[in-house]
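# Architecture at a glance
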Amino acid sequence: MASTVSRKPPNRRNLPPADLSHWQRDCQALPIEMLRRSLLQWYSAQGRTLPWRGETDPYRVWVSEIMLQQTQVKTVIPYYHRWLAAFPTVADLAQADRQQVLKLWEGLGYYARCRHLHQAAQIIVTEYGGQFPTTLEDVLTLPGIGRTTAGGILSAIANQPLAILDGNVKRVLARLTALPVPPARALGPLWELSSQLIDPNHGRDFNQAIMDLGATVCLPKQPLCLLCPWRSPCLAHTQNLQTQLPMREATAPLPHKNIGVAVIQNDQGQVLIDRRKEEGLLGGLWEFPGGKLEGDETVQACIQREIREELGIEIEVGDHLITLDHAYTHFRITLNVHYCRHLRGTPQPLESQEVRWVALDALRDYPFPKANGKIIDALLGGDR
Ligand code: SF4
């Protein structure tokens, strides 16, 4: 399925600029000292207890920050513990095999994070003597680390007053100031505001406090304003706009792709899987081969064509195994999975890195995307 899940998110920098001069003037009048003090007081009483909170080992903080990108805390916690048990230091990670690293990340999604983490560990070992860099400039050169992640790490490990702007912070700031446009149209001004607000002496606590406020009080759908330390200066609250802000872009329905997928078995009962190329959304993971239906092609015809193009072999398409719907951030797919029988030809990795015949009971040793994991469940639970 080399080309079916490689679409990139739209480039937000292409959005038209908004006139925010009135809003920016109002931001200048914010009671900065009061906002800092009330947030830090709230945090000392109400801040969350998290496994990485208070951690000053840069490697552990960095792993937590990367896992938390686009993923909820409760999902991250077990992965964080398993990861540190397998790779306790940056040197352990740098030396690890890529497949082992991807297997540990399996199910957490956004696999580029994992590949970048591995790659950055190798850079830290070779170029920084195993020590995590301590300047913003150096940290930003590492793969997979943007400004928010860098600010999160350096503020946590060294109390540096570096602003962050993740989804939680954008929502809190948009409500606090009644931002009159969707946050994606005001990223520069929001960065300025976040930098203006951060407490120069308490960078660590301030960043963690504002993230906690977004995660536990200023919730996306039903903000708990009565519990909020910022309710008196918050413009969304005073104007009763808290459930209408932040403003959203009008969104088009997600594009949908219909995919034919082959579970190809040989006479020994082994199954054929292939490993995706390194780049792209699911790069480096294993999958069952297949591809997108073209025109009014049937699923069976699609599978036969794709297998010929991807692997250079002939197969017979047999019974239906399972149909699965799966949503990625920017598109949805339906996987129409069929049992297939290998007829002739030696499989070649024409559109992948590698192909392999694998015994059924060894399938779970390989890192697969989540939707393929359900195919394995169906296959192992089936009675063929
Ligand atoms: S008062 Fe309500 S809307 Fe404003 S920051 Fe607090 S929780 Fe969010």
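Here the structure is shown first, and the text comes after it.
Residues numbered from 1 in each chain as written. Predicted model: local features only at pLDDT ≥ 70, side-chain atom pairs only at ≥ 80, totals over all residues. Heavy atoms only, no water.

### Overview of unusual backbone geometry
Here the bond from L245 into P246 is cis, since omega is -5 degrees, no more than 30 degrees from zero. Positionally, P246 belongs in the loop between α13 (235–238) and β1 (256–265). Positive phi, normally seen in glycine, also occurs at Q70, with a value near 60 degrees. Along the polypeptide, Q70 turns up in the loop between α3 (58–68) and α4 (73–86). (Helix = DSSP H or I, 4+ residues; strand = E, 2+ residues; numbered from the N terminus.)

### Brief notes about the site of the ligand
R175, V217, C218, P223, C225, C228, R231, C234, H237 and Q242 make up every residue found near the ligand. Counted by class, the shell around the ligand contains 6 nonpolar, 2 polar and 2 charged residues. (Near = heavy atom within 4 Å. Nonpolar A, V, L, I, M, F, W, Y, C, P; charged D, E, K, R; others polar.)

### A look at the packing of aromatic side chains
The full count for this structure, using the stated rule, is 8 aromatic pairs. Measuring from centroid to centroid gives 5.1 Å for W83 and F87, while their planes differ by 70 degrees, and the two rings are edge-to-face. An identical accessibility class is assigned to W83 and F87; each is buried. Judged by centre distance (5.5 Å) and plane angle (80 degrees), the ring pair of W83 and W105 falls under edge-to-face. Residue W83 is found in helix α4, and its partner W105 is found in helix α6 (residues 98–105); the two are separated by 22 residues along the sequence. You can call W83 buried: its relative accessible area is 0%. (Phe/Tyr/Trp six-rings, centres within 6.5 Å; stacked < 30°, edge-to-face > 60°. Buried < 20%, exposed > 50% of the residue type's maximum accessible area, 1.4 Å probe, protein only.)

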